[in-house]
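# Structural features, examined
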Amino acid sequence: MRAIIPVAGVGSRLRPHTYALPKVLLNVAGKPILGHIIDKVRGEGITEATIVVGNMGEKIREYVSGAYPDFPVDYVEQEERLGLGHAIHLSEKTIGAEPILIILGDTIFDVDLAPVLQGKVSALGVKAVEDPRRFGVAEIQNGRIIRLVEKPEKPTTNLAIVGLYYIVHPRLLVECLNDLVTRDARTKGEYQLTDALQGMIDRGEMIVPFKVEGWYDCGKPETLLSTNRALLQKRSTSNAIPGVVINEPVYIAPSANLSNCIVGPNTSVGNNAEVSGCVIRNSIISEGARVQGMLLDNSIIGNGSVLTGSFKRINIGGESEIEFF
Ligand code: UTP
């Protein structure tokens, strides 16, 4: 089965990190977001993929071919970012009659997909959320989805569509996407995948929801950090390092060089990073970063960045109180 993974977005909410690296290559719990996604779909029996690239696509190709040399991938260029529906529309030539799985490039999932992928009906991953207005939502009747609405102002349901779409009749989806593009039917300025899926429902396609509890958003700095924390809590991997106090859970790449530090909890340190004289918690230190003499909390340090702190010289009398923020 083929997965379609759209990753052409600019990742504006994750600037400045996405000026240097596409969002899907940002590190979380020891590997790029895209690495988590590919590992997951391959573990579920996906044998090939279409990756829709745009922003810094060459870096994505380089990463995938280096990390997954035996995984067959077709790349599709989305030059203009006209929406998720448009990204899938451009993938048309790679989509056959066999079922496909569409999986968004900024979300990591922990859900057993086997029952979904073995099913004979199309299915969308959903999760009940507090504020559905930021998402596409699904209205359900008698166990099937009857209506999909993109970012509703007055939601009639709290079931958000989380970015996992199993489509058993992909040629019908292609037809509905072509229809949107031909009619230039945009919602909120973009060709929406939800509108094409609604087109499928209107033409009689049965689409059912499936619950996704393990849904880790990576779209914003705070969600990248909470995803880092959640993934580390499931799988902390660290060995003792002389001169370093480790507060689990952490991920420390074997090639990272740490000395005289207190690291963790909820901290990942990438390949070839150098960290010395630091106390770091709830943070991501990316590949090749150099951090020295810092107290860090809730921080994301990009690949190759250099951060140097210093000891303070203070001379105060008794009964004094100083707070540094
Ligand atoms: P987002 O809406 O999160 O967009 O897209 P984005 O560019 O990644 O991030 P922000 O909103 O600017 O911060 C969800 C997924 O769909 C892909 C994105 O790459 C992301 O994986 N996408 C979105 C495309 O491939 N093409 C599009 O035209 C839109």
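In case you missed it, the structure is sitting above this.
What comes next concerns the included structure.

How each quantity is defined
- Residues numbered from 1 in each chain as written.
- Predicted model: local features only at pLDDT ≥ 70, side-chain atom pairs only at ≥ 80, totals over all residues.
- Heavy atoms only, no water.
- Helix = DSSP H or I, 4+ residues; strand = E, 2+ residues; numbered from the N terminus.
- Buried < 20%, exposed > 50% of the residue type's maximum accessible area, 1.4 Å probe, protein only.
- Contact = heavy atoms within 4.5 Å.
- Expected span 1.5 Å × (residues − 1).
- Pairing = 2+ DSSP bridges.
- Near = heavy atom within 4 Å.
- Polar contact = N/O pair within 3.5 Å; in protein donor to acceptor, adjacent residues only side chain to side chain.
- Areas by Shrake-Rupley, 256 points an atom, 1.4 Å probe, with all protein chains shown as cover.
- Nonpolar A, V, L, I, M, F, W, Y, C, P; charged D, E, K, R; others polar.
- Phe/Tyr/Trp six-rings, centres within 6.5 Å; stacked < 30°, edge-to-face > 60°.
- Lys NZ or Arg CZ within 6 Å of the ring centre and 35° of its normal.

### Considering the environment of L82
By secondary structure assignment, the location of L82 is in the loop between β5 (73-77) and α4 (84-90). We classify L82 as buried; its relative accessible area is 16%. Distance in space between the C-alpha atoms of L82 and G9 is 9.6 Å, their sequence separation being 73 residues. The contact partners of L82, leaving out residues within four places of it in the chain, are R186, E190 and Y191.

### Details of helix α8 (residues 221-234)
A rise of 1.5 Å per residue sets the reference length of α8, with its 14 residues, at 20 Å; its end C-alpha atoms lie 20 Å apart and thus fit the reference within 8%. Of the residues making up α8, those classed as buried are T223, L224, L225, T227, N228, L231 and L232.

### Focus on the sheet that holds strand β15 (residues 250-252)
Here four strands make up an open sheet; going across it, the order is β15-β18-β21-β24 and the pairing parallel. At either end of the open sheet lies a strand with only one pairing partner, and these are β15 and β24 (300-301). Judged from the three bridges that link them, β15 and strand β18 (residues 267-269) form a sheet pairing that is parallel. In the sheet register, Y251 faces β18, and the bridge partner there is S268.

### Quick notes on the site of the ligand
Every one of the 17 residues lining the ligand counts as a neighbour, but G9, S12, K23, Q78 and R81 are closest to it. V10 places a polar main-chain atom, nitrogen or oxygen, 3.0 Å from an oxygen atom of the ligand. One nitrogen or oxygen atom from the side chain of D106 is found 3.0 Å from an oxygen atom belonging to the ligand. Protein chains bury 87% of the 570 Å² of accessible surface belonging to the ligand in isolation. A breakdown of the residues in the shell around the ligand according to their chemical character gives seven nonpolar, six polar and four charged.

### Points about the packing of aromatic side chains
One pass over the full model with this rule turns up two aromatic pairs. Centre to centre, the rings of Y63 and Y68 are 6.2 Å apart; their planes meet at 80°, and the pair counts as edge-to-face. Ring geometry for F135 and W215: centres 5.6 Å apart, planes at 65°, overall edge-to-face. On the criterion of sequence distance, the pair formed by F135 in the loop between β8 (122-128) and β9 (136-141) and W215 in strand β13 (residues 214-217) is long-range, its members being 80 residues apart. Overall, W215 belongs to the buried group, its relative accessible area being 18%. In this structure, K312 packs its charged tip against the face of F324, placed 5.4 Å from the ring centre.

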